[in-house]
Amino acid sequence: MKGTVLVVDDEKNIRETLKNLLEEEGYYVKTADSIESTKKLIQSEYFHTVLLDVWLPDGDGISFLSHLKTYLPDTSVIVITGHGKVEHAVRAIKDGAYDFLEKPFSMERLLLTVERAVQEVLRRRGEKVHQDELIGTSKPMLELKETIAKIAKTNINVLILGESGTGKELVARTIHHLSERKDAPFVDINCASLPDDLIEAELFGYEKGAFTSASARKQGKLELAHGGTLFLDEIGDMSLKAQAKLLRVLETKSFTRLGGTQVVHSEFRLVSASNKELSEEIKKGSFREDLYYRISAFVLYLPPLRERGEDIILLAQHFLDRFSVEYKKPKKCLTDDAKALLMAHQWRGNVRELKNLMERLVILHAGEEIKAEDIRVLLGINPLESYERLFQKDLKSAKREFEKVFIERKLREYGYDLRKVSKAINLDLSNLYRKIRQYGIEMDKGGG
Ligand SMILES: Nc1ncnc2c1ncn2[C@@H]1O[C@H](COP(=O)(O)OP(=O)(O)OP(=O)(O)O)[C@@H](O)[C@H]1O
Ligand SMILES: [Mg+2]
C-alpha cells in the first residue's frame, strides 16, 4: 500500500476515474462528493493526501481548507482549480495546501503530484515518531535491554548483528538516546547504497571546487557526527576499497575534506550494523579482519522474531494500537485463532514484516476483531480466494495483480533480501527494483 488518499469532487465521473487510477497504482482510496460528507469521513479515517476540488455543492473548497487542516494537520492537501484561476491557486497555497492542479491536468501529472504529496507526509511523520520504544519481554529482549543500558553511557564501539527487520537500527538509535550524546546528532550512513566514488565525498565532505560539481563547501558525515553517534548501517556491504578508507579514519579520527588541506578532527561514537555474518565475509575475503576488530569492541546479536515467540503477540498488539490511533480507527484485538496463526508464522521479514501486516490490517478492517482468516488473506495463504478475484478482471490487470502478489509473497519469504529474491525468481535485480517501485510494494526500509 502506497498511502491513503481521499478524493473530494462533486462530479461522479471524476471521482470514479481518479479512484480507479489511484487504486491501480496501489493507493487506498475513498471518495466524497461534498464538504459535509468529507467532514464525516475525516472524523473516522486518516488520509495521507486529500485531492480537493474548489467548487463543491455546499461551499468552496478553499474556505474549507483550514477546517480540513485542523482535523488532519499532517495531511497534504492538493487543490484542483479551474483553468486560469491563478488567484485560487495562490490562496490555496497561502492557506496551507501542499500543491494545486489546474484543470485540465494529465493523469501523469496527477500521479506525480500525489506521490510527492504522500512522500512528504511520510517523511514528516517519520521524523516526528523517530523514536520507537524497544518492545519485548522474551528472555533475549530483556537481556538486550539490560546490556544496552549498561553500554549506552560508555564510548565503546558497538556492532549490531541480526537478520533484516530485527530492529538493528532501532537498537542503534536507542543506544544514542540513552547516552550522554543524546542532544548531539545521530548521523546514519547506509553503506550498501553508496557507490565507491561517492563514499569519500559523503564521509569526508569537500571544499568548493574539489570537483566540477562542487560549487560550495560541504561537510561530510564524519564531521557532522562530531560529539554524537555515527551509525554505519549495512557495513557488510561496503566495498574493500571503502573499508580501507574507513579504517584509516577510525584509527586517527582525523581527515581532510576532498580538495582541502586543513585537518578536521571529529569525535564520535561508532555503532555499526550488518545482516551478514561478518565472520563468514572475512573468510571469503570480502571483509577486512582489522576493520572488524576496530568496529566490534562490543557485539549485540538480535535474534530473529520466530525465536522469541512471546514477543510476537505483544508486538502485534502494540502495532495494532499504534496504527489504530494513527489512522483514527477503533481499537482492535486478535482472536485466539489469529494469535495461533501469528505464532506459527515464519516471519522471515521479522518485526518489519509484522509491523507492515498490522498496519494493513488496521487500514483494511473496520471491525474490532481481527480473525485468522483476515490474516491468511493478507499473507497470501489463501490462494484460491485471490485467484477467484483475478477472474473478475481483464487479462492485463489480472497479470499485473498476480505479479504484484507474487513478488510481495517472495519478498516476505526471503526476508526482503532483494538479491535472494532476484535469484529465486530468476528476475534480474534492476527489473525487480523497477517492479517493486511500479507496484508500490512496501519495503518499509528505514521504518516509519
Ligand atoms: N523490539 C521492537 N519493538 C518495537 N518496534 C520494533 C522492534 N524491533 C523492530 N521494530 C520496528 O520494526 C521496524 C524494522 O526495524 P529496523 O529498521 O530497526 O530493522 P533492521 O534490523 O535495521 O532491518 P534491516 O536489516 O532490514 O535494515 C522498524 O519500524 C522498527 O521500529
Ligand atoms: Mg536497518
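The chain is annotated in an unreviewed UniProt entry as Transcriptional regulator, NtrC family of Hydrogenobacter thermophilus. In its Subcellular location (unreviewed entry) section, the UniProt record describing the chain reads: "Cytoplasm".

**Some words on the overall build of the chain**
What the chain contains, in helices and strands, is 20 helices and 18 strands. Since a compact globule built from 448 residues should have a radius of gyration of about 22 Å, the 24 Å found for the chain is in line with a globular shape. With the C-alpha coordinates of the chain rotated into their principal frame, the extents come out at 70 × 55 × 45 Å. Per-residue burial for the chain yields a buried fraction of 47% across its 448 residues. Partitioning the intrachain contacts of the chain with sequence separation of at least 6 by distance along the chain shows that 70% fall at a separation of at least 24. Total accessible area on the chain stands at roughly 22,200 Å², and carbon and sulfur atoms take up 53% of it. Both charge centroids of the chain, one from 71 positive and one from 71 negative side chains, sit 2 Å from each other.

**Some points on helix H10 (residues 240–252)**
The end-to-end C-alpha distance of H10, which contains 13 residues, comes to 19 Å, matching closely the 18 Å that a straight helix rising 1.5 Å per residue would cover. Taken together, the buried positions of H10 are Ala242, Gln243, Lys245, Leu246, Leu247, Val249 and Leu250. If you follow the buried residues of H10, they end up packed against helix H8 (196–204), helix H9 (221–224), strand S12 (229–233), strand S13 (254–256), strand S15 (269–274) and helix H12 (289–295). Two residues or fewer after H10 comes lysine 253, characterised by a positive phi angle close to 55°.

**Some words on the site of ligand 1**
Close to ligand 1 lie 21 residues; Ser164, Gly165, Lys168, Arg352 and Lys355 are nearest. Between ligand 1 and glutamate 133 there is a distance of 3.4 Å, counted from a nitrogen atom to a backbone nitrogen or oxygen. Between ligand 1 and lysine 355 there is a distance of 2.6 Å, counted from an oxygen atom to a side-chain nitrogen or oxygen. Summarising the interface, the protein chains cover 97% of the accessible area of ligand 1, which totals 640 Å² for the free molecule. Among the secondary structure elements, those contributing two or more residues to the shell around ligand 1 are helix H7 (168–178), helix H13 (309–326) and helix H15 (350–364). Here the shell around ligand 1 spans two domains, and each of domain 2 (139–303) and domain 3 (306–438) adds at least three residues to it.

**Regarding the nonpolar core**
Val50, Leu52, Leu342, Leu357, Met358 and Ile375 are the most contacted members of the largest nonpolar core, which totals 49 residues. Tallying contributions element by element places H15 first for this core, with 7 residues. Summarising the domain contributions, this core has at least three residues from each of domain 1 (4–128) and domain 3 (306–438). Excluding anything up to four places from it in sequence, isoleucine 375 contacts Leu334, Ala338, Leu341, Leu342, Leu357, Leu361 and Ile370. Val187, Leu194, Ile199 and Phe287 belong to the second largest nonpolar core, which has 29 residues in total.

**Details of the environment of arginine 412**
In this fold, arginine 412 is placed in helix H18 (residues 395–413). Along the chain, arginine 412 and alanine 297 lie 115 residues apart, while their C-alpha atoms are 33 Å from each other. Discounting chain neighbours no more than four positions away, the residues touching arginine 412 are Arg348, Gly349, Glu353, Arg360, Leu378, Leu379 and Gly380.

**Some remarks on helix H3 (residues 61–71)**
Along H3, the residues classified as buried are Gly61, Ile62, Phe64, Leu65, Leu68 and Lys69. Projected down its long axis, H3 carries its buried residues within an arc of 150°, all on one side. Turning to H3, the residues buried within the fold contact helix H2 (35–44), strand S3 (49–53), strand S4 (55–56), strand S5 (59–60), strand S6 (76–81) and helix H4 (86–94). Taking the backbone nitrogen of isoleucine 62 as reference, a side-chain oxygen 3.2 Å away marks aspartate 60 as the first, capping residue of H3.

**What about the domain arrangement of the chain?**
When the domains of the chain are assigned, the result is domain 1 (4–128), domain 2 (139–303) and domain 3 (306–438). A C-alpha centroid distance of 41 Å is found between domain 1 and domain 2.

**Quick look at the pattern of salt bridges**
Side-chain pairing between opposite charges can occur once the charged atoms of the two side chains come close. Under the criterion given, the structure shown has 26 salt bridges. Lysine 276 serves as the salt-bridge partner of aspartate 237, at 2.6 Å between the closest nitrogen and oxygen. In this pair, aspartate 237 is assigned in the loop between S12 and H10 and lysine 276 in the loop between S15 and helix H11 (278–284), connecting sequence segments 39 residues apart. Take aspartate 237: its relative accessible area is 22%, and that puts it in the partly exposed class.

**What to know about the sheet that holds strand S9 (residues 186–190)**
Taken together, the 5 strands give an open sheet; going across it, the order is S9-S12-S15-S8-S16, and neighbouring strands pair in parallel fashion. With one partner strand each, in any of the chains shown, S9 and strand S16 (298–302) form the two edges of the open sheet. Across the sheet, the mean angle from the axis of one strand to that of its neighbour is 20°, orientation sign disregarded. Here strand S8 (residues 158–162) pairs with S16 via 5 bridges, running parallel. Bridge assignment links valine 158 to a residue of S16, and that residue is phenylalanine 298. Against the sheet, H7 contacts S8, S9, S12, S15 and S16, and its axis sits at roughly 155° relative to S8.

Reading the values: the criteria
- Residues numbered from 1 in each chain as written.
- Chains lettered and ligands numbered in written order.
- Predicted model: local features only at pLDDT ≥ 70, side-chain atom pairs only at ≥ 80, totals over all residues.
- Heavy atoms only, no water.
- UniProt positions renumbered as here; feature names shortened; annotations may be inferred.
- Helix = DSSP H or I, 4+ residues; strand = E, 2+ residues; numbered from the N terminus.
- Rg over C-alpha atoms; globule rule 2.2 N^0.38 Å.
- Buried < 20%, exposed > 50% of the residue type's maximum accessible area, 1.4 Å probe, protein only.
- Contact = heavy atoms within 4.5 Å.
- Areas by Shrake-Rupley, 256 points an atom, 1.4 Å probe, with all protein chains shown as cover.
- Lys, Arg positive; Asp, Glu negative; His and termini not counted.
- Charge placed at Lys NZ, Arg CZ, Asp CG, Glu CD.
- Expected span 1.5 Å × (residues − 1).
- Near = heavy atom within 4 Å.
- Polar contact = N/O pair within 3.5 Å; in protein donor to acceptor, adjacent residues only side chain to side chain.
- Domains from an automatic or database assignment.
- Core = buried A, V, L, I, M, F, W, Y, C linked by side-chain atoms within 4.5 Å.
- Arc of directions from axis to C-beta.
- Salt bridge = Lys/Arg side-chain N within 4 Å of Asp/Glu carboxyl O.
- Pairing = 2+ DSSP bridges.
- Axes fitted to C-alpha atoms, helices over the stretch in contact; angles between N-to-C directions.

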